[in-house]
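Residues per chain are reported as follows:
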Amino acid sequence: MTLEKTPPASADPSSPSASSLAWARRRGSVARFWKEYRTHRAGLLGLAGLAFIALIALFAPLLVGGDVQSVTNAPGTALEKPSGEFPLGTDQFGRSLLGLLIWGARISLTVGLLAAALSVAIGTLVGVIAGHYGGWFATVVMRITDWFLVMPTLVLAIVLATVMSRSIWTVILAIGVTSWPTTARLVRAQTIAVESRPYIERARALGGGHGHIMTRHVLPNVMPLVLAQTTLGISSAILTEATLAFLGLGDPLIISWGGMLQDAREAGAVSSGHWWYLAPPGIAIAFVALAFTLCGRAIEAVLNPKLGVAR
Amino acid sequence: MRDAVDGPVKTGPSGSAPTTSGTRTAYPLYVAGKLGGAAVSLLAVLVTSFFLFRIIPGDPVKAMTHGVPTSAEQLATLRKQFGLDLPLWQQFTDYCGRALTGDLGTSYQFHAPVGELIAEKLPATLLLTGTAVLIYSALGLWLGTRSAWRNGSLSDRVNTGVALTLWSVPSFWLGLLLIIVFSVGIGPVPGMFPTGGMESGDSSGFGYVLDVAHHMVLPVATLVAVGYAQTLLVMRSSLLDEMGGDYLTTARAKGLRDDLVRRRHAVPNALLPTVTMVFINLGHVAAGSILVETVFSWPGLGGLFYQALSVPDLPLVQGLFVVFAGAMILMNLLADLLYPLLDPRVGR
């Protein structure tokens, strides 16, 4: 699962220094990675989609102005159909749906990125430590991981979101602490595979401690896998965020795509057939989730060509 | 929440590598080990469900009285009746003792035994999710096989692309959209299907079966659409793994038709990880159908969970949590036990 390995930098202190060699090696593997990634058309498509959404989220204040969320000075009347002034119509408070949609990108991306980062960080930490130390300690840690694996994740996230106060951090925390076990398992397996290689023995013989081996040798080698996991994790985090918001467990003061769907349902968009209210937020969620999934699959395919992902 | 769909299932069903040591006689030992593991997990679930829901804010006794003015004395009596005045550890031992005998407590809002409430709603959930899992597993297997066999072709790309797109769609949104298009009806499309529920209540016998089937079309379609990608991708990648196998070259060299090589030789081997997948999906769907059941007002466990959570109806939430987690433990166990029987290479 790792990138093609060059031999570890020699400890020779003479020119060029060990760290500059290490950096040259890293640059080399990134370049090789990109060369491979470039050949995956779906991956490039996903990347383009991500860039598009990221730009929209970044420049949302310029595109729609900061007061798009305001209920009191909403520009339109309630539940207007799409028109020249409001390309996607208005919600029950008279706010422009296009503006809300653009603004919602910020929340979806923030929550998705942070929750996935949290989940992958926990998973990597647990996986590397369990894989490195082994023995009864690892058994206990993996037993706990298994226990988290059988917990119905969505149910657990719903309960956590119910228990804690309604805020965006609650949602991030609820997603993060419930979705790490898959990463932990993968990282542990990879750690064990890496640690069986001769250069780890060499590092140990030269006096490398646990911390040194874990951070300098194991971590760089599990990083590509972690990257793939993160990318795939973001899309499911975005879906979970939308789900929690739809169930009314998100922050009611923040505009998010899931929250817009909840508003739409409450405004009776379903029974009155207002599909233009309901369709765009869902399409946006699916678009972002798909973009991250495509990138994640392309990264996985680069790391493990046997998966046979179509280019 | 759904896990990442990519990659073959490389390890055993519950993610643990099956024990590889031992001979044929080791199977009873293997079974005993898995049974023990499942029992420990179930105990852990009981502990979690008890303590997790104690931290839900809100006074259950106040919720029970539905805002009807009640004297402090009556509240105290209610607390005593539900055992809420006891110390926490005593509540816990009582709870475990009763749970082991199958008594999950009494619901605050329905004033009925939790076990009964769950038993009453269970068939509806089983019917809905069982049908959906059967359909999407079959669909995923079929499309996944076709995709892998013509790896890289246009149909492979279209198949995978469509599956991934549908997989990225939030299930509740797809459900709402289907309701708008096919139940409410837009433009030239008339409302063909009911907007929710399980029956219209005016038919019996064969008519009743048709009526329920009519109500099931949209929710099942939603679950299938968002769910089949996982089976497809697992089947596709595990068949791709098999396709380099020498035994396939041998089979072809014997002059077998391409179709036979695929059906008799490659697919049975590639099926194993997918079978595991189906079991794990069966474990997941009970909890996973919360959204679809809520959107379609399906009278099942998912809807009940949502209702219970808003009160909060502690015994009911706890009971449902145990049932959801128990379903996953049971299905993982079944997959673990079946796996060595299906594939002699592991577990014996």
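Residues numbered from 1 in each chain as written. Chains lettered and ligands numbered in written order. Predicted model: local features only at pLDDT ≥ 70, side-chain atom pairs only at ≥ 80, totals over all residues.

Undergrad: What's the story with the UniProt feature "domain: ABC transmembrane type-1" (unreviewed entry) in chain A in this structure? I'm lost.
TA: Per the UniProt entry, the sites bearing "domain: ABC transmembrane type-1" (unreviewed entry) are residues 105-296 of chain A in this numbering. Spanning residues 105-296 of chain A, this segment combines 83% helix with 0% strand, and its end C-alpha atoms are found 20 Å apart. (UniProt positions renumbered as here; feature names shortened; annotations may be inferred. Helix = DSSP H or I, 4+ residues; strand = E, 2+ residues; numbered from the N terminus.)

Undergrad: In this structure, what is going on with the nonpolar core? I would like to understand it.
TA: Across soluble globular proteins, you tend to see nonpolar side chains buried next to one another. Counting residues in hydrophobic clusters, the biggest one holds 160 residues, and the most contacted among them are Ala157, Ile158 and Ile285 of chain A together with Leu320 and Ala325 of chain B. Apart from residues no more than four positions distant in its own chain, Ile285 of chain A is found in contact with Ser108, Ile238, Leu239, Ala242 and Trp257 of chain A together with Pro170 of chain B. (Core = buried A, V, L, I, M, F, W, Y, C linked by C-beta atoms within 7 Å. Buried ≥ 20, exposed ≤ 12 C-beta atoms within 10 Å, placed from the backbone. Contact = placed C-beta atoms within 7 Å.)

Undergrad: What's the story with the confidence of the model for chain A in this structure? I'm lost.
TA: When pLDDT drops low, the exact placement of atoms in the prediction is not to be read closely. Per-residue pLDDT for chain A averages 81, and the proportion of residues at 70 or more is 86%. pLDDT under 50 marks residues 1-5 of chain A. Its contacts with residues more than four places away, or in other chains, come to 11 contacts. (pLDDT = per-residue confidence, 0-100.)

Undergrad: Looking at this structure, I do not really get the confidence of the model for chain B. What am I missing?
TA: Residue and element names in this part refer to chain B. The pLDDT averaged across chain B works out to 77; a share of 82% of its residues lies at or above 70. Confidence drops under a pLDDT of 50 for residues 1-23, and excluding neighbours within four residues, the segment shows 63 contacts in the predicted structure. Confidence metrics for the complex model read pTM 0.81 and ipTM 0.81.

Undergrad: So what exactly am I meant to see when it comes to the packing of helix H4 (residues 97-133) of chain A against helix H7 (residues 168-178) of chain A here?
TA: A pair of packed helices is captured by two measures, namely the crossing angle of their axes and the spacing between those axes. Residue and element names in this part refer to chain A. The interhelical angle for the contact between H4 and H7, taken along N-to-C directions, is 40 degrees, at an axis separation of 8 Å. Of the possible angle classes, the one that applies to H4 and H7 is oblique. The crossing of H4 and H7 is right-handed. Contacts from Ile107, Val111, Leu114, Ala115, Leu118, Ser119 and Ile122 of H4 reach H7 at Ile168, Val171, Ile172, Ile175 and Gly176. The residue makeup of the contact of H4 with H7, split by class, is 10 nonpolar, 2 polar and no charged. (Axes fitted to C-alpha atoms, helices over the stretch in contact; angles between N-to-C directions. Parallel < 35°, antiparallel > 145°, perpendicular 65-115°, else oblique. Left-handed = near helix turned anticlockwise from the far one by under 90°. Nonpolar A, V, L, I, M, F, W, Y, C, P; charged D, E, K, R; others polar.)

Undergrad: Just checking my understanding: could you explain the UniProt feature "transmembrane region" (unreviewed entry) in chain A for this structure?
TA: All names here are of chain A. In the numbering used here, UniProt assigns the "transmembrane region" (unreviewed entry) feature to residues 42-64, 107-132, 144-162, 168-187, 232-255 and 275-296. Counted over residues 42-64, helix gives 96% and strand 0%. Its end C-alpha atoms are 31 Å apart. Spanning residues 107-132, this segment combines 100% helix with 0% strand, and its end C-alpha atoms are found 37 Å apart.

Undergrad: Where do I start with the environment of Phe92 of chain B in this structure?
TA: All names here are of chain B. Relative to the helices and strands, Phe92 is located in helix H4 (residues 88-100). A residue is classified by how many C-beta atoms lie within 10 Å of it, and Phe92, with 16 of them, is partly exposed. Residues Phe92 and Leu177, spaced 85 residues apart in sequence, show a C-alpha to C-alpha distance of 44 Å.

Undergrad: What is the right way to look at the environment of Val184 of chain B in this model?
TA: Residues and elements named next belong to chain B. Position of Val184 among the secondary structure elements: in helix H7 (residues 171-185). Of the residues examined, Val184 has 19 C-beta atoms within 10 Å and is grouped as partly exposed. Taking the C-alpha atoms as reference points, Val184 and Thr195, 11 residues apart in sequence, are found 7.4 Å from one another.

Undergrad: Looking at this structure, I do not really get the packing of helix H11 (residues 257-266) of chain A against helix H12 (residues 275-303) of chain A. What am I missing?
TA: Residues and elements named next belong to chain A. Two elements in contact, H11 and H12, have axes separated by 9 Å at closest approach and are oriented at 160 degrees. Viewed along their axes, H11 and H12 adopt a mutual orientation that is roughly antiparallel. The hand of the H11/H12 crossing is left-handed. Of the residues in H12, those touching H11 at Trp257, Met260, Leu261 and Ala264 are Tyr277, Leu278, Pro281, Gly282, Ala284 and Ile285. Of the residues in the contact of H11 with H12, the class split is 9 nonpolar, 1 polar and no charged.

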